[in-house]
Amino acid sequence: MTPTLIECFGIALRQSREAKGWSQEQLAEHSNLNRSYVGEIERGRAIASLATVEKLALALGVSPSALVSRGEAVSHSNVVRGIRLMAIAC
């Protein structure tokens, strides 16, 4: 099953956070959000509003569109990986 854009956004958010060496708590502090909410977004269990995407992006030092684009890139790489796995299985 292919992850949704919401799940891929969460993966991209976690990767961006980890690249800075931050915990979820540190990202939450820098973005003025609740740590558990950040965790829910990273797991694809919560849908971030545009205002939340902006807060997260500013905290990470990227533009909101760059953060969303990272999610799209994760989604695309999962689709490509799925196609490769299907080709191997044939």
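Residues numbered from 1 in each chain as written. Predicted model: local features only at pLDDT ≥ 70, side-chain atom pairs only at ≥ 80, totals over all residues. Heavy atoms only, no water.

### Quick notes on the nonpolar core
General note: in soluble globular proteins, nonpolar side chains tend to be found buried as a group.
Okay, step 1: In terms of nonpolar packing, the biggest core is built from 16 residues, with Leu13, Leu27, Val38, Ile41, Leu56, Leu60 and Leu67 touching the most fellow members.
Okay, step 2: Residue assignment for this core shows that the elements contributing at least two residues are α1 (5-19), α2 (24-31), α3 (35-42) and α4 (50-60).
Okay, step 3: Of the residues forming this core, the biggest block, five residues, is contributed by α4.
Okay, step 4: Aside from chain neighbours lying at most four places away, what touches Leu56 is Leu13, Leu27, Ser31, Leu33, Val38, Ile41 and Leu67. (Core = buried A, V, L, I, M, F, W, Y, C linked by side-chain atoms within 4.5 Å. Buried < 20%, exposed > 50% of the residue type's maximum accessible area, 1.4 Å probe, protein only. Helix = DSSP H or I, 4+ residues; strand = E, 2+ residues; numbered from the N terminus. Contact = heavy atoms within 4.5 Å.)

### As for α4
Okay, step 1: Regarding α4, the residues found buried are Thr52, Val53, Leu56, Ala57, Ala59 and Leu60. Angular distribution of buried residues about the axis of α4 spans 160 degrees; they occupy a single face of the element. Exposed residues on α4 whose side chains face more than 90 degrees from its buried face are Leu50 and Leu58. (Arc of directions from axis to C-beta.)

### Re the packing of α1 against α4
Okay, step 1: For the pair α1 and α4, the least separation of the axes is 11 Å and the interaxial angle reads 25 degrees. Between α1 and α4, the interaxial angle falls into the category roughly parallel. Crossing of α1 over α4 shows left-handed handedness. For the pair formed by α1 and α4, the contact residues are Phe9, Leu13, Ser16 and Arg17 on the first element and Val53, Leu56 and Leu60 on the second.
Okay, step 2: Taken together, the residues of the contact of α1 with α4 break down into five nonpolar, one polar and one charged. (Axes fitted to C-alpha atoms, helices over the stretch in contact; angles between N-to-C directions. Parallel < 35°, antiparallel > 145°, perpendicular 65-115°, else oblique. Left-handed = near helix turned anticlockwise from the far one by under 90°. Nonpolar A, V, L, I, M, F, W, Y, C, P; charged D, E, K, R; others polar.)

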